[in-house]
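Chain and residue survey
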Amino acid sequence: MSVHSVCVRFHTALELIGARWSGAVLHMIFKGAHRYAEIKAAIPGVNDTMLARRLRELESAGLIERRVLDSSPVRVEYHLTEMGRELHPAFEELVAWSHKWIPLPAEKAS
């Protein structure tokens, strides 16, 4: 393999979890937010259209599963699949790296 070739699998994985909001959605599910409203409330700035799109994409990719609970009213929850759970160590490393190297945005003066 050439040094200049990008691994197709790596590129696909990075595009999947690196798409805007995808990482945040996965991170919130790792932390225990399973209902749509919980996920949305935990991610500042995400709108309904984008959140619904990302949840569908992550489900199609096999990282999460949508569970419809037989209750009244009907509840829907999102859970990690085995494939999704295996990303947890990578996310923990990314969190640690970000805390070391990425500064918080400066707070606006009042």
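1. Structural notes on the overall build of the protein
Looking only at helices and strands, the protein has 6 helices and 2 strands in total. Ordering the α and β elements of the protein from the N terminus gives α-α-α-α-β-β-α-α. Each principal axis of the C-alpha distribution contributes one length, and for the protein these read about 55 × 50 × 25 Å. Taken across its 110 residues, the protein has 25% of its residues classed as buried. Once local pairs closer than 6 in sequence are excluded, the contacts in the protein between residues at least 24 apart make up 46%. When the 14 positive and 13 negative side-chain charges of the protein are each reduced to one mean point, those points stand 5 Å apart.

2. Points about the packing of helix H2 (residues 22–30) against helix H4 (residues 48–60)
Where H2 meets H4, the axes come as close as 10 Å, and the angle between the chain directions of the two elements is 75°. In terms of their interaxial angle, H2 and H4 are classed as roughly perpendicular. Contacts between H2 and H4 pair Ser22, Val25 and Leu26 from the former with Leu51, Arg54, Leu55 and Leu58 from the latter. Of the residues assigned to the contact of H2 with H4, the class counts are 5 nonpolar, 1 polar and 1 charged.

3. What to know about a nonpolar patch on the surface
On the surface, Leu94, Trp97, Trp101 and Ile102 cluster together into a nonpolar patch covering about 480 Å² of accessible area. Note that isoleucine 102 resides in the segment after helix H6 (88–101).

4. A short note on the pairing of strand S1 (residues 64–69)
Note: S1 against strand S2 (residues 75–80), 6 bridges, orientation antiparallel. Its bridge partner being in S2, valine 68 is matched across the sheet by valine 76. Linking two consecutive strands that pair antiparallel, namely S1 and S2, is a turn of 5 residues.

5. Some words on the pattern of salt bridges
The final tally for this structure, using the stated rule, is 4 salt bridges. The partner of glutamate 57 in a salt bridge is arginine 54, and the shortest N-O contact between them spans 2.7 Å. Linking glutamate 57 with arginine 54, this pair stays in helix H4, spanning 3 residues, or about one helical turn. The closest approach of N and O atoms between glutamate 77 and arginine 75, which form a salt bridge, is 2.7 Å. On the basis of relative accessible area, glutamate 77 is assigned to the buried category, the value being 13%.

6. Overview of the environment of serine 72
Considering the arrangement of structural elements, one finds serine 72 in the loop between S1 and S2. Note: C-alpha distance between serine 72 and glycine 18 (54 residues apart in sequence) is 36 Å.

7. Focus: the environment of alanine 52
Relative to the helices and strands, alanine 52 resides in helix H4. Classification of alanine 52 as partly exposed rests on a relative accessible area of 23%. Residues alanine 52 and glycine 18, 34 residues apart in the sequence, show an inter-C-alpha distance of 16 Å.

Scoring rules and cut-offs
Residues numbered from 1 in each chain as written. Predicted model: local features only at pLDDT ≥ 70, side-chain atom pairs only at ≥ 80, totals over all residues. Heavy atoms only, no water. Helix = DSSP H or I, 4+ residues; strand = E, 2+ residues; numbered from the N terminus. Buried < 20%, exposed > 50% of the residue type's maximum accessible area, 1.4 Å probe, protein only. Contact = heavy atoms within 4.5 Å. Lys, Arg positive; Asp, Glu negative; His and termini not counted. Charge placed at Lys NZ, Arg CZ, Asp CG, Glu CD. Axes fitted to C-alpha atoms, helices over the stretch in contact; angles between N-to-C directions. Parallel < 35°, antiparallel > 145°, perpendicular 65-115°, else oblique. Nonpolar A, V, L, I, M, F, W, Y, C, P; charged D, E, K, R; others polar. Patch = residues over 30% accessible without salt bridge, like charges linked within 9 Å, V, L, I, M, F, W, Y side chains within 5 Å. Areas by Shrake-Rupley, 256 points an atom, 1.4 Å probe, with all protein chains shown as cover. Salt bridge = Lys/Arg side-chain N within 4 Å of Asp/Glu carboxyl O. Pairing = 2+ DSSP bridges.

Without other data, these values stay purely geometric and don't point to any function.
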